[in-house]
Amino acid sequence: MQDAFTNSSPISIFYSYAREDEKLRRRLEQHLSLLRQQGVIAAWHHRQVLAGTEWEQDVHAHLSTASVILLLVSPAYFASDYCSSIEMHYALERHATKSARVIPILLRPVYWQVAPFAHLECLPRNEKPVTLWENQDQAFVEIVQAICAVIADLRGGTTSIRQRATRPATMSSRVTARGEEKNRYHFLKRVHALWIDGMLKRSIAPAGMIRGPLYEQPHTIVNPWKPLVQEIEERVQPVPPDTSIEHLYDNAQHALLILGAPGAGKTTLLLELARTLLARAHRDEHAPLPIVFNLSSWAEKRAPLSHWLIEEVAIRYQLPHPLAAQWIEGEQVILLLDGLDEVEGVHRRECVNAVNAYRREHAFVPVVVCSRTEAYLLQPSRLTLAKAISVEPLSFQQVDAYLERVGEQVEAIRHALSSDQDLRAVVTTPLLLNILVETYRGTSLDDLFAVPPEKRQQRLFQAYVDRMLARRKVEQQYTKEQTIQWLTWLARQMQQHDQTILYLEQMQPSWLAEQSLVRLYTLLAVRLPDMAVGCIISLVVVHLFFRVALGISFDLRYGLLGALVGGLLSGRQQELVVEEERSPPFWKQIRNTRLQRSCVVNGLLVGLSYGLLVGFYEHNSAIGFCYGLGYGCASYCLSFLLWRKQWPPARMGMLVRSWETFWHQVISAKNIRIGLTVGCCLALGYIVSTELAHHFQNTQSDVVAYALADLLNYTQVGLLLAILLERRVPDIRPAEIVTWSWKNLWYSFHKVQRLRQAVLIGILSGGVTGVSAWLRGTQGPGLDYGVSAGVIIGLCSWLFHGLSEGLSSTTLEANQRLRPNQGIWYSARNSLFIGVFSGVMSWGLYVLSTLIFDVSKFLSMLNWMVWSTIWSVVWWQIAMNYAVLIALGVGVLGAICNGGLACLQHIVFRWLLWRSKSLPWRSARFLDYADRHILLRKVGGGYTFIHRLLLDYFTSCGSRPQQGEDA
C-alpha cells in the first residue's frame, strides 16, 4: 500500500527547548529516529546552528518554515526569556494562523496551566510529565504516536502512518491491550448506568428545569500563582448564562470547585460534566476515566485520599482491588468528588487538607469538588484549585417564567408566590421549586400557609412524602406508618455513619443500637462460627496429620475441644479482658470476678460434655466423671491463660494472600505461645483424666507417649486457629470478585520460591506427623507414614497456592446493572466454588497419601498379585471413611473463610434488623417500593434519598410512628 511515507516530502519539525533539557530532547529524538530514517520528518534544533552564522536569524528561519513545532515544557523553559518570550509567542502566532501545528510536550513538572498554550492539547495525553513516568520510554512512545497522528492529519494518511510508525505488537501485548480495553469499556458503561441512567436521568428535576445563575468565586480557593501574578482578579464575576459546565471545566484546567446552597443543582452540574467526560473517554482511548465519589464515607477512616479512592472504587463499583489500584495509582482517572459538606464538621478541614495533599502528589489528575457554600466557608482551609464557581439562588423572575411554562395546573402556586414574600424565600432552588410543583399541582396551598414561615420547608417535605405515598399508580405494599418508620431509621443510620448511598451488603453490626442485639449478633455471627472453625480444624488435624481411626466418640471429643479453643480465640474476646493497656499483675487477675466467672462456666460446660461423652461410650459413669473433671480443669486453666491477655485487633482478611505474611505469622512469638498454651493445657488434661481413670479401668496405656502426641496435636490446632482467627476482621466483608486465569496458574507453578516453601512445609508437617504416629505405637502408623504424609502435604501446599493465584482479580465483568446485595451473592458464589474445590482436592490428596502409605506396607509383606486383588476393597474403605470426613471438613472451612462467613453474618444481621422492626426482612423489595414512590433513588445496587434535604427531613422526624406488622 502506498502511503504518506513514500509519496510526500518530509514534514519539518522544530524543537523549542531550554539547554538544561538537552538530554530529554535527545531521548525524544531517538524515538523519532525511525521516522527520520524513513524520510517522514526532518527535525531541526539549536545544536545544528553552524559556526560563524548568526544563530538568531538561523533559528528564526527554521521556526518560520517548520510545519510542526514542539514546545518542550519544563521550569527551565519558562525561565529562559528567549524560549518563553520569543520562540513560544511566535510559534503560537503561527498556530493561530494555521500555518504550523504547535504541540506542547511536558518534560518536567511545572505549573503550566496559566501559560499562553494552556488551551492546547498537551503530551503525554494524561498531562503527566515524562520524568514522573516509571518507564519514560513508554511516555516517549505515546508522544511519538501522537506526533504521527498529527503528521497523518496534515497529509491525510492516519491509518498507514500509524501502522508504519508503530512497532508491531506481540501476541501477548495485543492480548493485554484487548483486556485493558475491555475493562475500560465495561467500566465506562457501569459508571454511565450508575450515575447518568440511575441518577441524572431519573432526577426529580425535569430535563428542562431551570438553573440558578453561576458566579466565579476566586476568593474561595488558593491559587499558587496569586503572589506572583498581579493581574489575577479577586472579584466575584458572573458567568455568561449559556456557558456549559464542560467549558468551565476545561477553562479551569481540570481543577474546579462547585459551590451552592442545598438543592441549588451542584450534583446535577457534576453529573452533567460526568456525562460529557464519559463521552470523551468513549471517543478517546487515552482519555482518563471519570469516576464519581462521595466524600462522606472518607470521614469513617480518614485515610490518605489515594488509599480511600482505591477502596471506594473496589467497593462502590464492584471492581477488583488490583485493577482499582492500577487505575488510581496510574493517574488514569478524573476525580469527581461530591458531598464535601456531608463530611462531619470536625473532620471537614482534615478532608480539605487530604485533597490538597493528594493534589500536591498528583498534580495532573483532574479534580472537581462539590460542596455547600456555608459548610465550605465555615472551615478555615481552602482547596488548591484553579477556579471556583457558585450556583446562586433562583430569582423570582426565573421561577415565575418556569411556572408559566408548566401551565394552568400550577396557577395557584404562581399566585401564592407572587403574593407571599415568605414563600418566595423558601422556594429559591430548583429542588424545592420542583417539590412544590409535584406536591401542590392542581391543589390548594392552605396547609402550607397554616404553619409559620420558618416551618414551611419542613411542612413542604411532609406534604411531599404524603403525596408520593398516596399515588394510585403504585401498588400499596406497605402502610404509610411502616414506610415512614423504616425510612426514618435508614436516614438516621446513614447520617450517623456518613453514608450517602445505602448498600445492603455493606451495612455493619455497628448499625445495631440496642446492646442486647449486639450481644446476640456476637454469639450467632462471631462466636458460633469461630467454634465451628475450631471444631473442623481439630478434626482435620487429627485425621489428616495423625491418621487415627478411633470411632465417633473420639471424633466428638476432638471436635468439642477444638470448638473450645475456637471460642476462646474468638475475635470478640476483647469484651472479656481487662481494658488497661498494660496487663495487671497475675494475682489481681485471679481476683477478677467477671473473668473468673467466665472461666468457671467454660470449665463446667466442657467438663460436663466431655464426661458425658466418655461415660456413655465406656458405659461407666466413674470413668466419665474422671475425664470430665480432668478436661474441665484443663478448660478452666486454658480459658484463664488465653483471656488474661488482650490480643491485638485483626488487620487482614481470613484468606491468606501472602505466604511471606503467613510464615511471619507462624513464627511470631504470640502465635507460638498460644499454640503451646493450648497444647500443654489439653495434654495436661489428658494426663490427669487418664491417671484418675486408671483406678476404674482394667487396661493400661502409655500415658506419656499419648500425652506428647496430644501436645503436638493441640499445639498445631491452637497455632492454626490463632493465625486464622487473628486475620478475621469483625466487619462484614463480602468476598472480592475473582475470575479464573490460566496464565497466573502456570506462572505460579514455575516459581522457585513456591517450591522451596512447599518443601519446607512438607518437612515440618511430615516430621510432626511421623513423631506423633510413632508415639501412639501399635495402634497407629509409624515414622514411615510421616514421610508419605510430608510428601503429600508439601505437594498439597504447592498445588493449593498455585490454584489460589489462578483466581485473578484484574478482570472486570461485563455487568453494568449491579443488583442489590450483589456483594453477598458474590460471596455465596465464591464460597460455594472454593468450598467444593477444596473438598474435592483434599479428598483426592488424602486418598493419595493413604494409598502411598498402604502400597509401601503391602509391598513389604505381600506380592503384587495379592495386593492387586485387594486394591478395590482398600480404595473403597478409604473413600467411604475418613477421606469423606476430611473432604467435608476442608470444604466447609474453605467456604467459611472465602465468603461463607460474610453470608452468615449478613443473614444474622438482617434477621436482627427484622426482629427489632428496623427494616423488613425483604429489604430490597421495600427499597424498590420507596424508589417507585420517588422517595429513594436506585443507583446500581444501592439506594439513596432523592436529595440530602429529604434525608435531613426524615432524620429530624421526632416521634416515631407506631410500628405495624412486617410485610
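Here the structure is a predicted model, which is why all the values come from computation and not from measurement.

## A few points about the overall build of the protein chain
- Looking only at helices and strands, the protein chain has 40 helices and 15 strands in total.
- Every one of the 967 residues in the protein chain was classed for burial, and the buried ones make up 52%.
- When contacts within the protein chain are restricted to residue pairs at least 6 apart in sequence, those whose partners lie at least 24 apart make up 79%.
- Surface summary for the protein chain: the accessible area is close to 45,400 Å², and the carbon and sulfur share equals 59%.

## Remarks on the side chain of serine 635
- If you trace the backbone, serine 635 turns up in helix 28 (residues 621–643).
- Serine 635 has contacts with Leu564, Asn602, Gly603 and Val606, leaving out every residue within four places of it along the chain.

## Let's talk about the environment of glutamate 514
- The residue glutamate 514 is located in the loop between helix 23 (480–496) and helix 24 (515–545) in this model.
- In this structure the C-alpha to C-alpha distance between glutamate 514 and serine 916, which are 402 residues apart in sequence, comes to 9.1 Å.

## Structural notes on the side chain of glutamine 499
- Position of glutamine 499 relative to the elements: it lies in the loop between helix 23 and helix 24.
- Filtering out sequence-adjacent residues up to four positions away, glutamine 499 remains in contact with Ser296, Glu300, Arg316, Met494, Trp511 and Arg948.

## Things to note about the packing of aromatic side chains
- Under the criterion given, the structure shown has 15 aromatic pairs.
- Here the aromatic rings of tyrosine 478 and phenylalanine 926 are separated by 5.4 Å at their centres, their planes lie at 90°, and the arrangement is edge-to-face. Highlighted residues: tyrosine 478 in the loop between helix 22 (456–469) and helix 23 and phenylalanine 926 in helix 39 (residues 923–932), separated in sequence by 448 residues. Comparing tyrosine 478 with phenylalanine 926 shows no difference in burial state: the two are buried.
- Seen from their ring centres, tryptophan 486 and phenylalanine 926 are 5.0 Å apart, and the 80° between their planes marks the pair as edge-to-face. Remark: phenylalanine 926 occurs in helix 39 and tryptophan 486 occurs in helix 23; sequence separation between them is 440 residues. Across this residue pair, the class does not change: tryptophan 486 and phenylalanine 926 are buried.
- By way of ring pairs, the aromatic residues Tyr77, Phe78, Trp112 and Phe117 are connected into one cluster.
- Above the ring of tyrosine 15, the side-chain terminus of arginine 25 is found at 5.5 Å from the ring centroid.

## Here's the deal with the sheet that holds strand 3 (residues 68–73)
- Taken in spatial order, the four strands line up as 2-1-3-4 in an open sheet, and their pairing is parallel. Either end of the sheet is taken by a strand with one partner, and the two such strands are strand 2 (41–44) and strand 4 (101–106). Taken over all neighbouring pairs, the strand axes of this sheet differ in orientation by 25° on average, direction set aside.

## Notes on unusual backbone geometry
- Looking along the chain, the bond that leaves leucine 123 and enters proline 124 is cis, with omega of -5°.
- For proline 124, the location among the structural elements is in the loop between strand 4 and helix 7 (136–155).
- Unusually for a residue other than glycine, glutamate 331 sits at a positive phi of about 55°.
- Locating glutamate 331 in the fold gives a position in the loop between helix 14 (321–329) and strand 9 (333–338).

## Details of helix 20 (residues 430–440)
- Taken across its 11 residues, helix 20 has 10 buried, putting it largely inside the fold.
- The complete set of buried residues in helix 20 reads Pro430, Leu431, Leu432, Leu433, Asn434, Ile435, Leu436, Val437, Thr439 and Tyr440.
- Looking at the residues trailing helix 20, positive phi occurs at glycine 442, about 75°.

## As for the sheet that holds strand 5 (residues 214–216)
- Across the sheet, which stays open at both edges, the seven strands sit in the order 6-5-11-7-10-9-8 with mixed pairing between neighbours. In this open sheet, the two edge strands, each paired with only one partner strand, are strand 6 (237–238) and strand 8 (289–294).
- Strands strand 5, strand 7 (255–260), strand 8, strand 9, strand 10 (367–372) and strand 11 (387–391) of the sheet are contacted by helix 11 (residues 266–283), whose axis makes an angle of about 170° with strand 9.

## A short note on the confidence of the model for the protein chain
- Within the protein chain, residue pLDDT values average 76, and 73% of them lie at 70 or more.
- Note that pLDDT drops below 50 for residues 572–583; the model gives that stretch 31 contacts with residues more than four away or on any other chain.
- Low pLDDT, under 50, characterises residues 808–817; the stretch is placed with 42 contacts to residues that sit more than four places away or in other chains.

## Quick word on empty space enclosed by the protein
- What the rule picks out here adds up to five cavities of 30 Å³ or more.
- Estimates place the volume of the largest cavity at around 170 Å³.
- Residue assignment for the lining of the largest cavity shows that the elements contributing at least two residues are helix 9 (171–200), strand 8 and helix 13 (305–316).
- A total of three residues in the lining of the largest cavity trace back to one element, the largest contributor, which is strand 8.
- Of the residues assigned to the lining of the largest cavity, the class counts are seven nonpolar, five polar and three charged.

## Description of the packing of helix 17 (residues 396–406) against helix 20
- Interaxial distance between helix 17 and helix 20 falls to 12 Å at its minimum, and their mutual angle equals 35°. As helix 17 runs across helix 20, the sense of the crossing is right-handed. Of helix 20, the residues touching helix 17 (which contributes Val399, Tyr402 and Leu403) are Leu433, Asn434 and Val437.
- Along the lines of polarity and charge, the residues of the contact of helix 17 with helix 20 split into five nonpolar, one polar and no charged.

## Focus on the pattern of salt bridges
- The final tally for this structure, using the stated rule, is 21 salt bridges.
- As a salt-bridge pair, arginine 108 and aspartate 21 come within 3.0 Å of each other at their nearest N and O atoms. Residue arginine 108 is found in the loop between strand 4 and helix 7, and its partner aspartate 21 is found in the loop between strand 1 (11–16) and helix 2 (22–31); the two are separated by 87 residues along the sequence.
- For arginine 108, a relative accessible area of 27% translates into the label partly exposed.
- A salt bridge links glutamate 404 to arginine 414, with the nearest nitrogen and oxygen atoms 3.8 Å apart. Residue glutamate 404 is found in helix 17, and its partner arginine 414 is found in helix 18 (residues 411–419); the two are separated by 10 residues along the sequence.
- Its relative accessible area of 22% is what places arginine 414 among the partly exposed residues.
- What emerges from the salt-bridge pattern is a single network uniting Asp341, Glu342, Arg372, Arg948 and Asp952.

## Notes on the environment of cysteine 370
- The residue cysteine 370 is located in strand 10 in this model.
- Setting aside residues up to four positions removed in sequence, cysteine 370 forms contacts with Ile258, Lys266, Leu270, Leu337, Asp338, Gly339, Leu340 and Asp341.

## Focus: a nonpolar patch on the surface
- Where nonpolar side chains cluster on the molecular surface, the patch consists of Phe625, Leu629, Leu684, Ile687, Val688 and Leu692 and spans about 510 Å² of accessible area.
- Going through the elements one at a time, helix 28 and helix 30 (669–693) are the ones with two or more residues in the nonpolar patch.
- When residues of the nonpolar patch are assigned to their parent elements, the largest contribution, four residues, is made by helix 30.
- Its place among the elements puts valine 688 in helix 30.
- Take valine 688: its relative accessible area is 35%, and that puts it in the partly exposed class.

Rules and cut-offs
Residues numbered from 1 in each chain as written. Predicted model: local features only at pLDDT ≥ 70, side-chain atom pairs only at ≥ 80, totals over all residues. Heavy atoms only, no water. Helix = DSSP H or I, 4+ residues; strand = E, 2+ residues; numbered from the N terminus. Buried < 20%, exposed > 50% of the residue type's maximum accessible area, 1.4 Å probe, protein only. Contact = heavy atoms within 4.5 Å. Areas by Shrake-Rupley, 256 points an atom, 1.4 Å probe, with all protein chains shown as cover. Phe/Tyr/Trp six-rings, centres within 6.5 Å; stacked < 30°, edge-to-face > 60°. Lys NZ or Arg CZ within 6 Å of the ring centre and 35° of its normal. Pairing = 2+ DSSP bridges. Axes fitted to C-alpha atoms, helices over the stretch in contact; angles between N-to-C directions. pLDDT = per-residue confidence, 0-100. 1 Å grid on protein atoms, 1.4 Å probe; cavity = no way out; pocket = protein on both sides within 12 Å on 5 of 7 lines; lining within 4 Å. Points joined across faces, edges and corners; volume = space filled by probe spheres on them. Nonpolar A, V, L, I, M, F, W, Y, C, P; charged D, E, K, R; others polar. Left-handed = near helix turned anticlockwise from the far one by under 90°. Salt bridge = Lys/Arg side-chain N within 4 Å of Asp/Glu carboxyl O. Patch = residues over 30% accessible without salt bridge, like charges linked within 9 Å, V, L, I, M, F, W, Y side chains within 5 Å.

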